[in-house]
Amino acid sequence: MARMTTTSAAPTVGFDLDMTLIDSRPGIRACYLALSERTGTHVDADLAVTRLGPPLEQELAHWFPAERLAATADLYRSLYPEYAIAATPALTGAREAIEAVRRSGGRAIVVTAKYEPNAKLHLDHLGIAPDAVIGDLWAEQKAVALREHGAEIYVGDHLGDIRGARTAGAHSVAVATGPYTVDELRAAGADTVLADLTEFPAWLADYRDGTAPRA
């Protein structure tokens, strides 16, 4: 198995939010149910939460006509703090992953497709305090923030996160806590694949000393 070397003793690490740091399915489901009630338009909330990751408007396009997308997205985001924040837990290992970066002397940032104010509400509610939160970026767009902050590693659960890391020239760490399996993430080109974030602190320690294996 190939070994990799690292040039940074204290890297900046980017993390995705939904299904990487938080299990947003219960909260997003509740928000979609509220949206359906407000608009009179059926949204299959159980189906919607199986395909989290892309921007909100991509999901709404399955249920609303194009001319209503902008207004419906605004309504959803206004409902979100009431229905989604308290219902959403941190995923196992999320706090410890952020703390591992801090203990290494590095910086932990969150780069997410979620509306930035709502992303910050989640992290504040859960007591998770990254060094920066950058929202409204999806897939390759995430590379803008990753480059700006000098992120050497990007951790996410979605194929779009792998693409964002690669576009930024960052090491892609994929966690199988979202819609894709370990094998699917590996096949998509992730540099490292972990079952979940509980494995991240040990992996980061190995990465820093150059002994972490590639996936």
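Would you take a moment to explain the packing of aromatic side chains for this structure?
Each aromatic ring pair is summarised here by two numbers: the centre-to-centre distance and the angle between the ring planes. A complete count under the given rule lists five aromatic pairs for this structure. Note on Phe200 and Trp203: the rings are 5.8 Å apart at their centroids and 35° apart in plane angle, and the pair reads as tilted. Separated by three residues within a single helix, Phe200 and Trp203 lie in helix H10 (residues 200-209), roughly one turn from each other. Feature note: the residues Phe15, Phe200, Trp203 and Tyr207 constitute an aromatic cluster, connected by ring pairs.

Can you walk me through the pairing of strand S4 (residues 151-156) in this structure?
Looking along a regular strand, one sees the side chains alternate between the two faces of the sheet. Within S4, six of the six residues are buried, which leaves it mostly tucked inside the rest of the structure. Pairing between strand S1 (residues 12-15) and S4: four bridges, direction parallel. Its bridge partner lying in S4, Val13 is registered against Ile153. Looking at chain direction, S4 and strand S5 (residues 171-175) are connected through four bridges and run parallel. For Ile153, the partnering residue across the bridge sits in S5 and is His171.

I keep staring at the sheet that holds strand S6 (residues 192-194) and nothing clicks. Help me out?
Sheets are built from strands that pair by backbone hydrogen bonding, the pairs being arranged parallel or antiparallel. Within the open sheet, the six strands sit side by side as S3-S2-S1-S4-S5-S6. Their pairing is parallel. Every other strand in the sheet has two partners, leaving strand S3 (132-134) and S6 as the edge strands with one partner each. Neighbour to neighbour, the strand axes of the sheet diverge by 20° on average, direction disregarded. Sheet analysis places S5 next to S6, joined by three bridges and oriented parallel. Bridging across to S6, Ala174 finds its partner in Val193. Where helix H5 (residues 94-103) meets the sheet, its contacts fall on S1 and strand S2 (108-111), and the angle it forms with S1 comes to roughly 165°. The strands touched by helix H6 (residues 116-126) are S2 and S3; relative to S3, the strand with the most contacts, the crossing angle is about 140°.

Teacher, can you tell me more about the side chain of Thr41 here?
Looking at the element boundaries, Thr41 is found in the loop between helix H1 (25-39) and helix H2 (45-48). Exposure remark for Thr41: the relative accessible area of 15% places this residue in the buried category. Filtering out sequence-adjacent residues up to four positions away, Thr41 remains in contact with Ser36, Trp63, Phe64 and Arg68.

About the criteria used
Each residue is numbered by its place in its chain's sequence as written, counting from 1. Side-chain atom pairs in this predicted model are given and counted only at pLDDT of 80 or more, local residue features only at pLDDT of at least 70, and totals for whole chains, interfaces and linings cover all residues. Water and hydrogen atoms were dropped before computing side-chain values, which therefore reflect all heavy atoms in the structure. Aromatic contacts are taken between Phe, Tyr and Trp rings whose centres are within 6.5 Å, Trp giving its six-membered ring; a plane angle under 30 degrees counts as stacked, one over 60 as edge-to-face, and the others as tilted. The helix count covers DSSP runs of H or I at least four residues long, the strand count covers runs of E at least two residues long, and both are numbered beginning at the N terminus. The rule is simple: take the accessible area with a 1.4 Å probe, protein chains only, and divide by the maximum for that residue type; under 20% is buried, over 50% is exposed, in between is partly exposed. Pairing between strands requires that DSSP locate at least two bridges from one strand to the other. Axes, fitted as lines to C-alpha atoms, cover a helix only where it is in contact. Angles between the N-to-C directions of the axes lie from 0 to 180 degrees. Residues are treated as being in contact if the distance between any of their heavy atoms lies within 4.5 Å.

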